[in-house]
Amino acid sequence: MTLTSIIWKELRERPTAMFTSVLAILLGVTALVAIRNVTVFSEQEVAGKLDALGANVLVLPKGVTLQDYYAADMHKETIPEEHVAELAMAGLTGVEGLSPKLCVPITLQEKSATLTGILPQAELQTMAAWQGGQLFKKHVGCKAKINVANATDDAPEALARRRTVQDLQENDAILGADLAARTGLKTGDSINLLGESFTVIAALEPTGTIDDTRVFAHLHTVQRLSNAGEVVNVIEVMGCCEDVANGLVTELSTMLPNTKIVTIANVVETQVSINRMMTRLSYLFLAILIAVGGASMASAMYANVMERRREIGTLMALGATPYFVTRLFLFKAGLLGLVGGIGGYLVGSVLALVLGPNFAGVAVQPIPSLALIAAGTAMLVSFAASYFPARRAAGLDPCLCFQEV
């Protein structure tokens, strides 16, 4: 009888104890893999957003707590629209655009959506020119992270990327990608919003953000239809680079003392802190894996040694060496660890695919390298936990084993 056949026979005859040991390891690996999956892709998304958005600044109502740049206007607090005029006429250096927004929940073709009012850049430029000011002043030595405005970026289709649009008529509407797909609407269609007819002039490309579920329309039209008055939920200030953003925080705080000024770096830092917490949690679950899984494996192996003393004694009487007996138990532990590690990786990856979009707002894909880490860690824990029980089995005296009843 070979080593492999003895191990398989043992696993078939005592499945319950072995299943308990594998389950403890599997659960620990599952938690570790799920958290690491979500954390890794969340960090990648944060880095991508930071590169794409550059050094933007948000002007918010005083009491608003912000965690997501794209959902900066998703709250009920408001600030006066006159702040937009103050910023436009101030001629702030390095500011490439202003984008005030007001959000109203609506239903479009029985689908829940958000109607977001925006103010076209053409009106802001007219406002600044009327006062003799200059809306966009070049920043000398600018290390730009976002592109300078051009004809393509001024088009309605570029709204989600650029966060601004040049021209928008009173009854024009722009659909987010997800909403357009769910309703089947396309450019040129007419839609009814809050009792008034609008023409769809563009459908945005998918962004993977809350913008995909929005309908964008003229700010003043949204204010009129919602009876909100001359207010907005947020004013997005597009600065050309990080140096400009840092200077704008102090300048805007002085100009608008009753508002909260936040940079994209502040928003990213919030997400980064959450990622750090999740990373620490993954290490915590790794410790739990080692403690609980190791203890369970050690307990099962000690019990196995005590219950199989006569069989171990018979093997040694037939010529099995202490080295062979040690290998017998360690190989069995390694097999259980491998099954628990691979099983935990598969369950953890599936769990991450579900939890990522639904709870963290992040699209997650399986990370193949985690399979090696999960299997290796689980096997290492199993080997370590089974070493002393295996040595105890190898040290049994065959004569004493046969004397036991």
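Thresholds, definitions, all that
Residues numbered from 1 in each chain as written. Predicted model: local features only at pLDDT ≥ 70, side-chain atom pairs only at ≥ 80, totals over all residues. Heavy atoms only, no water. Helix = DSSP H or I, 4+ residues; strand = E, 2+ residues; numbered from the N terminus. Buried < 20%, exposed > 50% of the residue type's maximum accessible area, 1.4 Å probe, protein only. Contact = heavy atoms within 4.5 Å. Areas by Shrake-Rupley, 256 points an atom, 1.4 Å probe, with all protein chains shown as cover. Lys, Arg positive; Asp, Glu negative; His and termini not counted. Salt bridge = Lys/Arg side-chain N within 4 Å of Asp/Glu carboxyl O. Arc of directions from axis to C-beta. Core = buried A, V, L, I, M, F, W, Y, C linked by side-chain atoms within 4.5 Å. Pairing = 2+ DSSP bridges. Axes fitted to C-alpha atoms, helices over the stretch in contact; angles between N-to-C directions. Patch = residues over 30% accessible without salt bridge, like charges linked within 9 Å, V, L, I, M, F, W, Y side chains within 5 Å. Phe/Tyr/Trp six-rings, centres within 6.5 Å; stacked < 30°, edge-to-face > 60°. Polar contact = N/O pair within 3.5 Å; in protein donor to acceptor, adjacent residues only side chain to side chain.

Caption draft 1: Structural view of the overall build of the chain. Secondary structure assignment for the chain yields 13 helices and 11 strands. Burial statistics for the chain: of 405 residues in total, 49% are counted as buried. Within the chain, residue pairs in contact and separated by at least 24 positions form 81% of the contacts whose partners lie at least 6 positions apart. Carbon and sulfur atoms provide 60% of the accessible area of the chain, an area that totals close to 19,300 Å².

Caption draft 2: Representation of the side chain of glutamate 81 in the model. Tracing the sequence through the fold places glutamate 81 in the loop between strand E2 (79-80) and helix H3 (82-90). Within the buried set, glutamate 81 has no salt-bridge partner at all; the shortest N-O distance to an opposite charge, 12 Å, is to arginine 224. Apart from the residues lying within four places of it in its own chain, the contact partners of glutamate 81 are Leu119, Leu219, His220, Gln223, Glu230, Val231 and Val232.

Caption draft 3: Just H3, in detail. Among the residues of H3, those classed as buried are His83, Val84, Leu87 and Ala88. One face of H3 carries all of its buried residues, which in axial projection span an arc of 135 degrees. One or two residues past the end of H3 sits glycine 91, with phi positive at roughly 60 degrees.

Caption draft 4: Structural context of unusual backbone geometry. Its identity is not glycine, yet glutamine 109 carries a phi of approximately 50 degrees, on the positive side. For glutamine 109, the position within the fold is in the loop between strand E3 (95-108) and strand E4 (111-118).

Caption draft 5: Just the nonpolar core, in detail. The biggest cluster of nonpolar side chains holds 39 residues, and the ones touching the most others in it are Val59, Leu87, Leu175, Ile191, Val215, Val237 and Leu252. Other than its neighbours up to four places away in sequence, valine 59 contacts Ile79, Leu87, Val234, Ile235, Val237, Leu252, Leu256, Thr259, Lys260 and Ile261.

Caption draft 6: Main features of the pattern of salt bridges. Inspection of the entire model under this criterion finds five salt bridges. Here glutamate 236 ties to lysine 101 by a salt bridge, and the two come within 3.4 Å at their closest N and O atoms. On the criterion of sequence distance, the pair formed by glutamate 236 in strand E10 (residues 234-239) and lysine 101 in strand E3 is long-range, its members being 135 residues apart. We classify lysine 101 as buried; its relative accessible area is 2%. Between lysine 186 and aspartate 189 there is a salt bridge, with its nearest N and O atoms 4.0 Å apart.

Caption draft 7: The sheet that holds strand E11 (residues 259-263), seen in detail. Judged by pairing direction, the sheet is mixed, and its nine strands sit side by side in the order E6-E7-E5-E8-E4-E3-E10-E1-E11 without closing on themselves. With one partner strand each, in any of the chains shown, strand E6 (190-193) and E11 form the two edges of the open sheet. Neighbour to neighbour, the strand axes of the sheet diverge by 35 degrees on average, direction disregarded. Sheet topology note: the E4/strand E8 (residues 214-218) ladder contains five bridges and is parallel. Among the inter-strand pairings, threonine 116 is bridged to a residue of E8, identified as phenylalanine 216. The strands touched by helix H7 (residues 219-226) are E3, E4, E6, strand E7 (196-203) and E8; relative to E3, the strand with the most contacts, the crossing angle is about 35 degrees.

Caption draft 8: Quick peek at a nonpolar patch on the surface. Judged by side-chain polarity, Met277, Leu281, Leu284, Ile288 and Val292 come together as a nonpolar surface patch covering roughly 410 Å² of accessible area. Looking at where leucine 281 falls in the secondary structure, it is placed in helix H9 (residues 264-307). Since its relative accessible area comes to 34%, leucine 281 is described here as partly exposed.

Caption draft 9: Summary view of the packing of aromatic side chains. Counting across every chain of the model gives one aromatic pair. Their ring planes at 80 degrees and their centres at 5.4 Å tell us that tyrosine 387 and phenylalanine 388 sit as a pair that is edge-to-face. Taking the relative accessible area as the measure of exposure, tyrosine 387 reaches 40% and is therefore partly exposed.

Caption draft 10: Representation of the side chain of glutamate 236. Taking relative accessible area as the criterion, glutamate 236 reaches 1% and is therefore assigned buried. Reaching out from glutamate 236, the side chain makes a polar contact with the side chain of lysine 101 at a distance of 3.4 Å.

Caption draft 11: Spotlight on the environment of arginine 36. Residue position: arginine 36 is located in helix H2 (residues 15-53). Expressed as a C-alpha distance, the spacing of arginine 36 and alanine 352, which sit 316 residues apart in the sequence, is 8.7 Å. Once you skip the residues sitting within four places of it in the chain, arginine 36 turns out to touch Thr279, Ser282 and Leu370.

Caption draft 12: Here's a closer look at the environment of phenylalanine 216. Residue position: phenylalanine 216 is located in strand E8. Here phenylalanine 216 falls in the buried class, since its relative accessible area comes to 2%. Measuring from C-alpha to C-alpha, the distance between phenylalanine 216 and proline 156 comes to 9.8 Å, with 60 residues separating the pair along the chain.

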